[in-house]
Amino acid sequence: MESPDSRRRTQWYHVDNQAAILERVKSDHIIPNRFINEFKRRRTVLVQKKNGNFGFTIQTYGIHHARRNEVEVLTYVDYVEYGGPAYLAGVRPGDVILSINGANLEDADHTKLVAFIQGCGQFIRMVVLFEDCVKKVELHMRSIKLKVFG
């Protein structure tokens, strides 16, 4: 049976460990991004691999804005395995990955982001921002269908 002193030491270790982790991720809060009111939806998650993967996939999609004559490229979390490591860490479909392990990847293309994730070890620390890109892409695809099929 565990003694009260042993439990107290374990609790203090846990608190000290959390403080150390929070100190290490303090720099995550200064990564600049282009989203308005992003601090309300921004969070840092720690994901551990299980069975060789992190339990999520990403998608890159380009939305053409005719009025501005530009293409907005979105790379976002497309799928999160229910009950998987990413899901348990708080990653959700529609999240935009701002950084991984302290590296700013907000403007990284799909290939670079996939390579970066694959190059990580057992853990990744991600700063994500919920932007509901899944809904944004679905709405864009519907508008295209309406224009084509009337």
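In this report, the structure presented in the accompanying data block is examined. (Residues numbered from 1 in each chain as written. Predicted model: local features only at pLDDT ≥ 70, side-chain atom pairs only at ≥ 80, totals over all residues. Heavy atoms only, no water.)

Digging into the overall build of the chain
Right, on to step 1. The helix and strand inventory of the chain stands at 4 helices and 6 strands.
Right, on to step 2. Beginning at the N terminus, the succession of helices and strands in the chain can be written as α-β-β-β-α-β-β-α-β-α.
Right, on to step 3. When burial is assessed residue by residue, the chain has 32% of its 150 residues classed as buried.
Right, on to step 4. When contacts within the chain are restricted to residue pairs at least 6 apart in sequence, those whose partners lie at least 24 apart make up 65%. (Helix = DSSP H or I, 4+ residues; strand = E, 2+ residues; numbered from the N terminus. Buried < 20%, exposed > 50% of the residue type's maximum accessible area, 1.4 Å probe, protein only. Contact = heavy atoms within 4.5 Å.)

Observations concerning the sheet that holds strand 1 (residues 42-48)
Right, on to step 1. The 4 strands are arranged 1-6-4-5 in an open sheet whose pairing can be described as antiparallel. Two strands lie at the open edges of the sheet, namely strand 1 and strand 5 (103-104), each paired on one side alone.
Right, on to step 2. As defined by bridge partners, strand 4 (residues 95-100) adjoins strand 6 (residues 123-130) across 5 bridges and the pair is classed as antiparallel. Bridge pairing links Ile 100 to Met 126 in strand 6.
Right, on to step 3. In the packing of helix 3 (residues 110-118) onto the sheet, contacts are made with strand 4 and strand 5, and the angle to strand 4 comes to roughly 60°. (Pairing = 2+ DSSP bridges. Axes fitted to C-alpha atoms, helices over the stretch in contact; angles between N-to-C directions.)

Quick word on the packing of aromatic side chains
Right, on to step 1. Tallied over the entire structure, the rule returns 1 aromatic pair.
Right, on to step 2. Summarising the aromatic geometry, the rings of Tyr 82 and Tyr 87 are spaced 4.8 Å apart at their centres and angled 55° between planes, so their arrangement reads as tilted.
Right, on to step 3. A residue is classified by how much of its surface remains accessible, and Tyr 82, at 69% relative accessible area, is exposed. (Phe/Tyr/Trp six-rings, centres within 6.5 Å; stacked < 30°, edge-to-face > 60°.)

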